[in-house]
Amino acid sequence: MSVLPLVFTSGWASGINAYAVVLLLGVFGATGISDEVPASLQRTDVLVVAGALFLCEAVADKIPYVDSLWDSVHTVIRPVAGAVVAALLAGQSGSLPELAAGAVGGSTALMSHLVKAGTRMAVNTSPEPFSNIAVSTAEDLGVAGIITFAIFHPLAAAIIAATLLVLGIVILVFLASRIRRFLRRRAQRREEKRLAGTGSHWPPG
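The shown structure was predicted, so the numbers you read here are calculated from the model rather than taken from an experiment. Residue numbers run consecutively from 1 along every chain, following the written order of its sequence. Per-residue local features are limited, in this predicted model, to residues with pLDDT of at least 70; the limit for side-chain atom pairs, both in listing and counting, is 80 or more; totals at the level of whole chains, interfaces and linings are taken over all residues. Heavy atoms from the whole structure form the basis of all side-chain values; hydrogens and water molecules are not counted.

### Thoughts on the overall build of the protein chain
Move 1: Assigned secondary structure in the protein chain consists of 7 helices and 0 strands.
Move 2: Secondary structure elements follow DSSP: runs of H or I no shorter than four residues count as helices, runs of E no shorter than two count as strands, and numbering proceeds from the N terminus. Taken from the N to the C terminus, the helices and strands of the protein chain come in the order α-α-α-α-α-α-α.
Move 3: Summarising its shape, the C-alpha atoms of the protein chain cover approximately 75 × 35 × 30 Å along the three principal directions.
Move 4: Each residue's exposure class comes from its accessible area (1.4 Å probe, protein chains only) as a fraction of the maximum for that residue type: buried when under 20%, exposed when over 50%, partly exposed otherwise. Residues counted as buried form 42% of the 205 residues belonging to the protein chain.
Move 5: Reported accessibility uses the Shrake-Rupley method at a 1.4 Å probe radius. Residues are deemed covered only where the shown protein chains occlude them. Only carbon and sulfur atoms are counted for the fraction: they give 74% of the accessible area of the protein chain, which is about 10,400 Å².
Move 6: Considering the protein chain, the positive charge centre built from 15 side chains and the negative charge centre built from 13 side chains are found 13 Å apart. For this count, His and the chain ends are skipped, Lys and Arg are scored as positive, and Asp and Glu as negative. By convention, the point assigned to a charge is CZ for Arg, NZ for Lys, CD for Glu and CG for Asp.

### Comments concerning a nonpolar patch on the surface
Move 1: Every patch collects residues that have over 30% relative accessible area and no salt bridge, joining them within 9 Å if they carry like charges and within 5 Å if they are nonpolar side chains (Val, Leu, Ile, Met, Phe, Trp, Tyr). Put simply, a salt bridge is a Lys or Arg side-chain nitrogen that is within 4 Å of an Asp or Glu carboxyl oxygen. Residues Phe149, Ile160, Leu164, Leu167 and Ile171 make up a contiguous nonpolar surface patch of about 390 Å² in total accessible area.
Move 2: Take the nonpolar patch: its biggest share by element is 4 residues, from helix α6 (residues 154-174).
Move 3: Structurally, the position occupied by leucine 164 is in helix α6.

### Describing the nonpolar core
Move 1: Put simply, buried Ala, Val, Leu, Ile, Met, Phe, Trp, Tyr and Cys residues joined by side-chain atoms within 4.5 Å make one nonpolar core. Trp12, Ala13, Leu25, Val143 and Ile147 are the most contacted members of the largest nonpolar core, which has 36 residues in total.
Move 2: Secondary structure elements with two or more residues in this core: α1 (4-30), α3 (66-93), α4 (98-123), α5 (130-152), α6 and α7 (176-200).
Move 3: Of all the elements, α1 adds the most residues to this core, at 11 residues.

### With respect to a positive patch on the surface
Move 1: Judged by side-chain charge, Arg178, Arg180, Arg181, Arg184, Arg185, Arg189, Arg190 and Lys193 come together as a positively charged surface patch.
Move 2: Relative to the helices and strands, arginine 189 resides in helix α7.
Move 3: Given a relative accessible area of 30%, arginine 189 falls into the partly exposed group.

### As for the side chain of serine 14
Move 1: Among the secondary structure elements, serine 14 is positioned in helix α1.
Move 2: Overall, the relative accessible area of 1% leaves serine 14 in the buried class.
Move 3: Two N or O atoms form a polar contact when they lie within 3.5 Å of each other; inside protein one atom must be a possible hydrogen donor and the other a possible acceptor, and for residues adjacent in sequence the pair counts only when both atoms belong to side chains. At a separation of 2.7 Å, a polar atom in the side chain of serine 14 contacts the main-chain carbonyl oxygen of serine 10.
Move 4: The criterion used for residue contact is that any of the two residues' heavy atoms lie within 4.5 Å. In this structure serine 14 touches Val21, Arg78, Gly82 and Ala109, once residues within four positions along its chain are discounted.

### Some remarks on the packing of α4 against α6
Pairs of packed helices are described in terms of their axes, by the angle between the two and the distance that separates them.
Move 1: In this analysis an axis means a line fitted to C-alpha atoms, helices contributing only their contacting stretch, and an angle means the value between N-to-C directions, from 0 to 180 degrees. As a packed pair, α4 and α6 sit with axes 10 Å apart at the nearest point and diverge in direction by 40°. Classified by the angle between their axes, α4 and α6 sit oblique to one another. Seen from above, α4 lies across α6 with left-handed handedness. Contacts between α4 and α6 involve Met111, Ser112, Leu114, Val115, Gly118 and Thr119 on the former and, on the latter, Leu165, Gly168, Ile169 and Leu172.
Move 2: Just so you know the grouping, Ala, Val, Leu, Ile, Met, Phe, Trp, Tyr, Cys and Pro go in nonpolar, Asp, Glu, Lys and Arg go in charged, and all remaining residues, Gly too, go in polar. Grouping the amino acids of the contact of α4 with α6 by side-chain chemistry returns 6 nonpolar, 4 polar and no charged. In what follows, roughly perpendicular refers to angles from 65 to 115 degrees, roughly parallel to angles under 35, roughly antiparallel to angles over 145, and oblique to any angle outside these ranges. Here is the rule for handedness: rotate from the far helix to the near one, and if that takes an anticlockwise turn smaller than a right angle the crossing is left-handed, while a clockwise turn gives right-handed.

Right under this line is the structure:
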């Protein structure tokens, strides 16, 4: 069970930025900082792809409405990445069945992803873009900090990650009305585009 705290923390972080988790763990393993990172995450091709996708996310995640579209696309990707990373970590130590580790990492990633996506919908109700940049930057720094801390103090990092997850769920409940307003606005824009597209097909009078 010794690897469970790191599995949980990596799952929480993967729900926010899976590419950053893969990149950081790979770098820590490749540089010899940690012996807990499996060799498959240290491969050069994995690090290059993770780095490129991390840069894409770093940009997309700071643009209003684009960030929510990006989150929608990653509703499957982040939980799967969390499950895969967790299973690899468990396989490396042999102290936790890979299937159970994948379930913990994947479910934790899914919960933190839903919190992130819901919070970003609420932020997008603000007309200015600076709040998106601030929230996204805080998320990036938080993931980097918690994964780094987890390498040296996995149990303490897992407690922090669990606290942040619960806090995020509570905040999401309070932001529910803003999220519903965001969804209504998005549905309205889609309907307006649909009507505009339909109208353009009518022959000129």
